[in-house]
Amino acid sequence: MRVILWSRRGAGNHYNGPGKAAFNLYTVMTDEYDLTVSLIHGVKGHPSNLVFNEQLFFGDVGDQAAARLVNFKTKIARIFSYAHFWFSIRRWVTKNAEKYDVFHGLGLKPLTLELCEFFNAEAIPTVVKVTELNPKGLISGVRFKSRFKRQLKSVGAFISISKEITQALISIGVERSRIQFIPNGVDSNIFFPLDQELKRVRRQEIGIRECLTIVFCGAVVERKRPHFIIEALREILEDKKTDAQLLLVGPAPDETYLKLLTSLIDQYKLVGNVKLIGHTDKVEYYLQAADLFCLPSRQEGLPNAAIEAMSCGLPIVVTQFSGAADLGAGDRKTGIIVDGNIEAIARGIRDFLYSDNLLRSVSLRARKHAVNEFSLNIAAQRHFNLFQNIGKN
């Protein structure tokens, strides 16, 4: 089977959720199944890797092209970049589509649906993975809604990563029979918990103190609101009941936001309690060294970081985004869902930091839930079966 994958922001072992999930998925699929995958992306200078049979770049429509439009020249440059991409890839699909069996697009975006139309015109089945739910709806912000809805009908199948996304697809007219619920998967052989002795060793290895440790993983951006965790940590430390530290693991692409975080750390005299780790290829080391995971994000689909944290035996404190219920965070099964404010986040963290019994019991349930519900091998098998079935139809 020959799959052509579309990921606007690329795919690899980085912190872009959909691209990372796809990279992990195809790492397994290319090993376990008779399958090759080629990648179309929109990021200039995208690193190469051995998972993809080929990597195709037709124009810069990734993060750089989608940057904030600060002036007229930037706007014109973006328009030309998209136009070049559109015409170049349309010609390429016409000449090369027959080399592939399935088109797999990431993200329910107009450009993804345009590519679906191109491949459909060449009789190539199409699958779109819906990776996030906009709080205002799946089609909010779409300029030509009638065209967008027509394009939805041309997609062979949709992959939903959360039950809330499934319901949102149905609400905009997608038939239930065209929706496959396949959540993101985790490799539990890489992301696994350590006992207390090995956890102390891990902390020494990565150079952090021996105390209760909260971890945030992902791009350090305003949408994910790690500044709320810093504020919550300040409140907790003022209780003077325990010592605690926060690890912010992930790249910080917004310099203005990074300056805000560092100013908060300085203002609250938390230099010894908050560590900005930055990018790392060993995310599991920091999860294994922690006691609790926190993600107070404004908007998510089904975050890989939360699943990986659970697989490492960490209770999770998360806000109400579309995949929170699928993570099992309700009723303290794997963690807790809190309101998106500093006081609620602080209360949620306190519940675990001040109760060793609760921390241990939820830790065990989090690991079990991650292994049972988010197996990367099962996700790979479901994708392969879907691609096979849609090819037959």
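Keep in mind the model is a prediction, meaning the values are calculated, not measured.

How each quantity is defined
- Residues numbered from 1 in each chain as written.
- Predicted model: local features only at pLDDT ≥ 70, side-chain atom pairs only at ≥ 80, totals over all residues.
- Heavy atoms only, no water.
- Buried < 20%, exposed > 50% of the residue type's maximum accessible area, 1.4 Å probe, protein only.
- Helix = DSSP H or I, 4+ residues; strand = E, 2+ residues; numbered from the N terminus.
- Arc of directions from axis to C-beta.
- Contact = heavy atoms within 4.5 Å.
- 1 Å grid on protein atoms, 1.4 Å probe; cavity = no way out; pocket = protein on both sides within 12 Å on 5 of 7 lines; lining within 4 Å.
- Points joined across faces, edges and corners; volume = space filled by probe spheres on them.
- Nonpolar A, V, L, I, M, F, W, Y, C, P; charged D, E, K, R; others polar.
- Pairing = 2+ DSSP bridges.

(A) The arrangement of helix H6 (residues 196–206) in detail. For H6, the set of buried residues is Lys-199, Arg-202, Arg-203 and Ile-206. The buried residues of H6 all sit within an arc of 100° when viewed along its axis, so they share a single face. Of the surrounding secondary structure, the elements contacted by the buried residues of H6 are strand S8 (212–217) and helix H9 (283–288). Where H6 ends, the next residue or the one after it, Gly-207, has phi of about 80°, a positive value.

(B) Seen up close, the layout of surface pockets. Considered as a void within the structure, the second largest pocket measures approximately 450 Å³ in volume. For the second largest pocket, the lining is made up of 22 residues, of which Gln-196, Lys-199, Asp-291, Leu-359 and Arg-360 are closest to its centre. Going through the elements one at a time, H6, H9 and helix H12 (356–373) are the ones with two or more residues in the lining of the second largest pocket. In terms of residue count, H12 provides more of the lining of the second largest pocket than any other element does, six residues in total. Of the residues that constitute the lining of the second largest pocket, the class distribution is eleven nonpolar, four polar and seven charged.

(C) Highlighting the pairing of S8. Among the six residues that make up S8, six are buried, leaving the element largely enclosed by the rest of the structure. Alternating positions in S8 separate into two faces, Leu-212, Ile-214 and Phe-216 on one and Thr-213, Val-215 and Cys-217 on the other, with burial throughout. The pairing of S8 with strand S9 (residues 244–249) spans six bridges and is parallel. Residue pairing in the sheet places Phe-216 in a bridge with Leu-248 of S9.

Purely geometric stuff here, so don't read any function into it on its own.
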